[in-house]
Every structure is written in structure tokens, then in C-alpha cells.
Number of protein chains: 2
Amino acid sequence: MTEDARQAGHPEQSGRAGHSGQAARPTITDVARRAGVSKSLVSFALNDRPGVSAETRDRILAAARELGWTPSLRARSLSVDRSYALGLVIGRSVDVIAADPFFHAFIAGVESEFSTAGQVLVLTRATPGREEAATYRGLAADKRVDGVFLTDLRADDDRIRLVSELGLAAVTLGRPDIPSPFPSVSVDDGRGIRAAVDHLIALGHRRIAHVAGPSNMLHGRRRAEAFAAAARAGGVEPMAAVETDFSAVDGARATRELLALGTERPTAIVYSNDMMALAGLAVAQRAGLRVPLDLSITGFDNTELGEHTFPSITSVATDAAEWGARSARLLLAAIAEEPVGDIELAEPRLVIRESTAAAPAAPVAAAPPRT
Amino acid sequence: MTEDARQAGHPEQSGRAGHSGQAARPTITDVARRAGVSKSLVSFALNDRPGVSAETRDRILAAARELGWTPSLRARSLSVDRSYALGLVIGRSVDVIAADPFFHAFIAGVESEFSTAGQVLVLTRATPGREEAATYRGLAADKRVDGVFLTDLRADDDRIRLVSELGLAAVTLGRPDIPSPFPSVSVDDGRGIRAAVDHLIALGHRRIAHVAGPSNMLHGRRRAEAFAAAARAGGVEPMAAVETDFSAVDGARATRELLALGTERPTAIVYSNDMMALAGLAVAQRAGLRVPLDLSITGFDNTELGEHTFPSITSVATDAAEWGARSARLLLAAIAEEPVGDIELAEPRLVIRESTAAAPAAPVAAAPPRT
DNA sequence: CCGTGTCTCTAAACCGGTTTAGAAGGTGTG
DNA sequence: CACACCTTCTAAACCGGTTTAGAGACACGG
């Protein structure tokens, strides 16, 4: 069957559909002719601008409907100097994004705002540095997008100046630490970390460690600071935070380091994301520790998978989809040159599951790692 | 600091960069004037077509360089009827994609082919059905993309006819079960499943179950068939496959069903993806089973996280990035109307880790689930 | 010396919209 | 009745490229 069809219709596959008499698509001129008016008037009617009588407008719209005409995005794009597309440049290595559900939910949120607007999302991945800058330059040079989402903000982030110089609109996820011409959408993830720390302190933990994200990323740093502040506020001296790149490998390494402290080891670890919490869980179990009896852990992001581990993971939930939706709306407003301001999302909430429990009377030292 | 800057420069944030004297970007006409030739000749020189003398060409290119001119993608797009963009419509629910690293690696692979070509990826998410069809129609109506990647092929997939009717070029990931005008890039994932089954049989397992993907997805179905075939080839009667939607929740549910069989339960489970394998691992542990002593499990995809669980997961590795790169190259060739043919990727390989071991002498019944 | 062919180049049309300048006709006002 | 003004509409320019038709110069062969 398949072979027949192949041989019959496509001796050489072309990847393009068969020449199935694609009726030439109507243009604005066809509509004008049919409605008996000039192209300009069709344009006016379409964009409902004043200066078109009601009955003429109806006649034009009817003609357009009959012909099944839709204005060419490309032509419109050329004349009005808009792309009707937004860009997202993900600046992490593939591995690190891989298991991070944030972007999926964020993107889904962004797109939920597009259905109405005929917009589209251009996705690019680039490792920070020259490649990243080149990517933004490319998007701007080709005018591929009208605006971009700036995620994973870094300290003194050079993208802000770059994007601004390139003349692109933008929205930052989180508030930058330098002056920025762009509006921001942020969530107080410090509150989330604090909730986790408070929860642990209430459970009697006094030796609490933090496995942090990269300190050059603002949210990584902010969470680390929030961790320290929350611990002190609870009357507990925070243990030094271990820095990671957010990946599972690095989360595992950090956990091993913390457990190597023997009886000085933490009885609870606050991870800066779920992926590392999961990897840390495995390291602890491998070292013979029972979670949560001997060690409590908390994650961040509230990944679906964190609900399906044994034990399941207590985690801080932020609404990434909502974040995406609000960011998109804000960016579109900025592009339309409407007045916009910063947005603060709802507080993250702590989802308590099985990985946290009362602190052990005396910390059990971890066993030497098993193979 | 930040506040000062805000108040000073941007009493009302605009999301657009400051009016920093954006020098109007040069056009082909500017270049022509500077080189003392007509626009047409600049166009010829740029696209190096015959009929331009060597010295004139040099003069034109020099002028272009001096002015920093880059042809407008939009204008070119309008006249040559090409978008220089490819589309990917992900047709799964957010949750299901969330922890699936396939798309990340695939996208990274796709983009590795773009750096040279000035192409861009338009990403869309749509749940199969009306919304999905509307998405493809939208991309085609606006001529947003020159071609699309068809992933997660379904049985009798209506997208093939749709996309073909819309006049888009396409590449299918995997060979469809119906006649298709599009070239395909596929990997023999059946071989991967077979490797897993062979491995388990060699370890002495006789009661092996399969937690399958949706049967209406071709690869889900194909893996299930390969599972049954491999088991029989190894002289083992395969247990009935449990169908899922690829999500962690569903993987957990399937595992619970299998373990509820008591002493009739499988001693090994072959999962159709890693996420379900991880969820299944947790279910087994929660039921008091030791993995791999009492139960062996294998995954599919070789997720980074599967390496960092306890025990780590034996999994089938396919090269998603390579898949993306080859697909992109093929699609671009098809769009350029070069002759193309189907591509078969390298065989997937089984990565053996800790979650598989010799079959238990007598299967231990699972304990009633603990909370 | 003339017709033909080749090479280099230009003018103008074209892709399909938007936008500006202004024409034509009707109404209101002094 | 003349004038201003508003409404409705059109012609033409414009966005910034590509492509076609053909002009002009030159070499070649008969």
C-alpha cells in the first residue's frame, strides 16, 4: 500500500505536497475588484478605520468572506514593520533544560495568549556568551520578532543593554539588578524558600543546608539569600550553601559533599529545584539514609515527577503557566506601546509531601556510598 | 540606583528601547547608489547570479559591507515566497511533555542545522484534534513556515493529508502507516525494546510485562509489538501490555495494576519511557519490593535523571539530537526541492545500569501499598 | 561591413499589503 | 450664493527586496 502510493505518486519524494491544483490565493486586489472599490478602501474596511460607509464596509467584508481572503501576513509585515512574533532564547545547556518543566509550562502559558492575537513563538537555544548575543542580534537583524522574553536573569545582565540597543521590546522574568527599560514579571520565590525553611524549622531541624543554583543567576542568588535570611529569622544559623549549575549531576555532587560532613551533616536540605532534589534523594538513599526519617529534603518547582517518587517530594510550587501568560500579555502591550508596569505574581506555595519529617534526635552519619 | 534610572529615563516604561537615535537601516537602494549601479544588479551580486562582472561585484559587495547592509528578510520573504522558518507543533498535554527530554534534545539538534542557514524554529503546542488542525492551518494560512516536523505519528494520522493539502513541506519522525508524500527519519526503536527484553531474558526473567505508550501512537504501538515479538523469540510468553498516555501518573497506575497480580506479578517490567519507569520504581519501592532484587525495570530515552536515581535505571538510548539534526537537514532539502529519501538512524543501544538483575527464585508478592 | 551572439547592466513590474494626498460630492452656514 | 467642511472614496507612493524584458557595447564569423 505504502509502497504503491510512493511509486505511483512520488517516484522522487519531494517533501512538498503534490501539485494538487493549489488555487492561487486571493489578494486584496481581488477583493477590491469584487466589491467594486479600490484596494485602499478594502484595507480601511479591514482594519476598521473611519472613512468607510457602513454599507460599503459590509459589501467589502462580504466580498472578502466569499473569496476566503485573509490578508497576507508577509505583506502586512513588510508595510507595518511588525513581525507578529515573539522570541524566547533559552540560555542553558540542553541537559539542564531537559528535565526542567518550567519552560514547558511557561511556553504553554505564553501560547495561551496567542490564540487570539495571531502571534507566534520563535524558540532558540543558545549558550550564554558570544553565541547568545549573536542569537539576539540575528533575531533583531532579520526582524524575526517584535519582542523577547528575558529569562534566567543574571547579575549585571548584558542582555538588557544589548536587547535595548537592538531596538527590540522585551519583558524580564524577575526584576533585574541593574536599571532596565523593560517591564518585569516576577514572583517572590524568596517567600517560597522561606516557607520551606519555616516548615523545616517547625519540624525541629537546626542543621539545614541549601543546594543553590548558580550564583550569577539572579533567582539562584535570591533563593540562597532568602534561605539564609529565613534560617536566621527562625533562630537557626544557616549552613553554607553549595552552589550548582541546576543540573541533576551537580545536585548529586552537592549532596555528596553535604553528607560527607558526617555527624556535622545537615538533617535537612533545601534544594533550589526539583531535579536536584530527586538526584539528592537518590544519593541519600544510596548512602543508607532514610528520607525523611534521617534526612528531610525539599525541592522547588513542584514537578510532576516529584509527586511520583518514593518518598514523594515536598516542593515549592510556582505557577509557570500563569507566568508565561502574564509575560506574554505584558510584552504584547509593550509592543503595542500601551502603558505598562511591573507585575508581581501570586506567592509561591509550599506543597508538603513525604520527604519532610521531624528532625532525628541525633543525626545518623551517612554510610560510605554503595555502588 | 534602579529607581533613579527608572524615574529618570522611563517615567512610563514602554518595553521598547529608548529612542537612542536608531540610524535608519540601509536598503538595497542605498547600496546601489553607493556602488553606482542599479538595485537589480545589487540583487544579482548578492545572490551570486551570472551576469555581473567580477570587478562590479566586488564594488557592490564592498559598498554593502561599508554600509553594513543586510537584505531585509521580510522583503525577500515577500518576493521569493519563502519564510525561512520551520514549524514544530507539539501535540501532547503540557504535563506529558514536561519531563520528557526528547523534545529538548530534538530541538537542539534541529537548531544545530540552523546556524548556517539563517532559519528559525516556530514552536507551537496544541492538543490533538480541532485545535491541532487549526494550528497547522494557521501556520499555513499566514505562511509562517516553509515546512513542519510531524512528530508522535498516530495510526492513520490525519495530519499527513492535512499538511499535504495545505501545501506545506514536511518530514515525518518515523514511517507512517499510510501512504505519505513526505520523507521520513526513523529509528528502529523496536530494536531497543528487543535489546531490553533479551537482556532480561538472559537474566532469567520469564514473567516480563510491558508498560506501553498510547496504542494510537505509532511508536507506542510499535514498541508494544516489538516487546511481544522479542519475548516470544526468547521463548517467553509476554504478559499483556498495559497501555498508558506516557505520563508519570499513568505509569504509576500501570505499575500498581501489574503488582496487584500478587504472585502472578511480573519479575521485570519494560517501560516505554523513562518517566514512567521512574514513577514505576517508586510504586514498587512503596510496595516493599527491592529493585532490582525483587523486580527489574527498564526505561526508554535514557534521561539524565535516570542516571541519578537509586537504583539508577537501565534504559534504551536513542540519539534525539541527531534525530533533530537529520530531520532538519532533510526538511530543508525537501523545501529546496532537492531529491530526498527516507533516513534510518543508528540503532538505539541499551544502557545497563542498576535497575536490572537476575530474576528472583520465587517472586515476592508486593505488600499492600504504604502511605 | 553587417548580422548574430554574448556579456553587462538598467528600467520597470511584481510580491501584497498600508498610508498619504487629494478628488468628488453633499451639507451646513453666513 | 459662495464658502468651508465633512464624508466617502481613489490614485499613487511606499515597505525592500526579486525577476523579467530589453538596451547598449563589444567580439566574432561570414
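Residues numbered from 1 in each chain as written. Chains lettered and ligands numbered in written order. Predicted model: local features only at pLDDT ≥ 70, side-chain atom pairs only at ≥ 80, totals over all residues. Heavy atoms only, no water.

### Some thoughts on the pairing of strand 6 (residues 208-212) of chain B
Residues and elements named next belong to chain B.
Move 1: Across the 5 residues that make up strand 6, a large majority, 5, are buried.
Move 2: Relative to strand 8 (residues 268-271), strand 6 is paired through 4 bridges, and the arrangement is parallel. Of the residues in strand 8, the one forming a bridge with I208 is A268.
Move 3: Alignment of strand 6 against strand 7 (residues 242-243), held across 2 bridges, turns out to be parallel. The residue bridging V211 from the neighbouring strand is V242, located in strand 7.
Move 4: Handedness of the strand 6-helix 12 (residues 218-233)-strand 7 crossover: right-handed. (Buried < 20%, exposed > 50% of the residue type's maximum accessible area, 1.4 Å probe, protein only. Helix = DSSP H or I, 4+ residues; strand = E, 2+ residues; numbered from the N terminus. Pairing = 2+ DSSP bridges. Right-handed = clockwise from strand over helix to strand, strands pointing away.)

### Re helix 15 (residues 320-335) of chain A
Residue and element names in this part refer to chain A.
Move 1: A rise of 1.5 Å per residue sets the reference length of helix 15, with its 16 residues, at 22 Å; its end C-alpha atoms lie 22 Å apart and thus fit the reference within 8%.
Move 2: For helix 15, the tally of buried residues reaches 12 of 16 residues, placing the bulk of the element in the interior.
Move 3: Along helix 15, the residues that are buried comprise A320, W323, G324, A325, S327, A328, L330, L331, L332, A333, A334 and I335.
Move 4: E337 sits one or two residues past helix 15 and shows a positive phi near 60°. (Expected span 1.5 Å × (residues − 1).)

### Focus: the protein's contact with DNA strand C
Move 1: The full set close to DNA strand C counts 29 residues, and I28(A), S43(A), R49(A), S40(B) and T56(B) are the nearest of them.
Move 2: Across the atoms of DNA strand C situated within 4 Å of the protein, the share located in sugar and phosphate is 58%.
Move 3: The set of elements that each furnish at least two residues to the surface near DNA strand C consists of helix 3 (39-46) and helix 5 (73-80) of chain A together with helix 3 (39-46) and helix 5 (73-80) of chain B.
Move 4: Its residues assigned to classes, the surface near DNA strand C comprises 12 nonpolar, 14 polar and 3 charged. (Near = heavy atom within 4 Å. Nonpolar A, V, L, I, M, F, W, Y, C, P; charged D, E, K, R; others polar.)

### Side note on the protein's contact with DNA strand D
Move 1: Close to DNA strand D lie 29 residues; S38(A), T56(A), I28(B), S43(B) and R49(B) are nearest.
Move 2: Backbone atoms, meaning sugar and phosphate, make up 58% of the atoms of DNA strand D lying within 4 Å of the protein.
Move 3: Side-chain polar atom of N47(B) to a phosphate oxygen of DNA strand D: 3.2 Å apart, as the coordinates give it.
Move 4: Elements supplying a minimum of two residues to the surface near DNA strand D: helix 3 and helix 5 of chain A together with helix 3 and helix 5 of chain B.
Move 5: By residue number, the principal contributor to the surface near DNA strand D is helix 5 of chain B, which donates 5 residues.
Move 6: Considered class by class, the residues forming the surface near DNA strand D number 12 nonpolar, 14 polar and 3 charged. (Polar contact = N/O pair within 3.5 Å; in protein donor to acceptor, adjacent residues only side chain to side chain.)

### Things to note about the environment of R191(B)
All names here are of chain B.
Move 1: Relative to the assigned elements, R191 resides in helix 11 (residues 189-202).
Move 2: Taking relative accessible area as the criterion, R191 reaches 34% and is therefore assigned partly exposed.
Move 3: Remark: the alpha-carbon pair of R191 and R223, spanning 32 residues in sequence, is separated by 8.9 Å.

### With respect to the relation of the copies chain A and chain B
Move 1: Taken as rigid bodies, chain A and chain B are interconverted by a rotation of 180° and an axial shift of 0.0 Å, the fit giving an RMSD of 0.0 Å. Taken together, the rotation angle and the small translation identify this as a two-fold axis.
Move 2: Of all interface residues in chain A, 98% are interface residues in chain B too; the two copies therefore contact each other through one and the same surface. (Least-squares fit on C-alpha atoms with pLDDT ≥ 70 in both. Contact = heavy atoms within 4.5 Å.)

### What to know about the packing of helix 9 (residues 130-141) of chain B against helix 10 (residues 158-165) of chain B
All names here are of chain B.
Move 1: Axis separation between helix 9 and helix 10 bottoms out at 10 Å; the angle between their running directions is 20°. As the angle between them shows, helix 9 and helix 10 are arranged roughly parallel. Crossing angle aside, the handedness with which helix 9 passes helix 10 is right-handed. Packed against helix 9, whose contacting residues are E132, A133, Y136 and R137, the element helix 10 presents R159, L162 and V163 at the interface.
Move 2: When its residues are assigned to classes, the contact of helix 9 with helix 10 shows 4 nonpolar, no polar and 3 charged. (Axes fitted to C-alpha atoms, helices over the stretch in contact; angles between N-to-C directions. Parallel < 35°, antiparallel > 145°, perpendicular 65-115°, else oblique. Left-handed = near helix turned anticlockwise from the far one by under 90°.)

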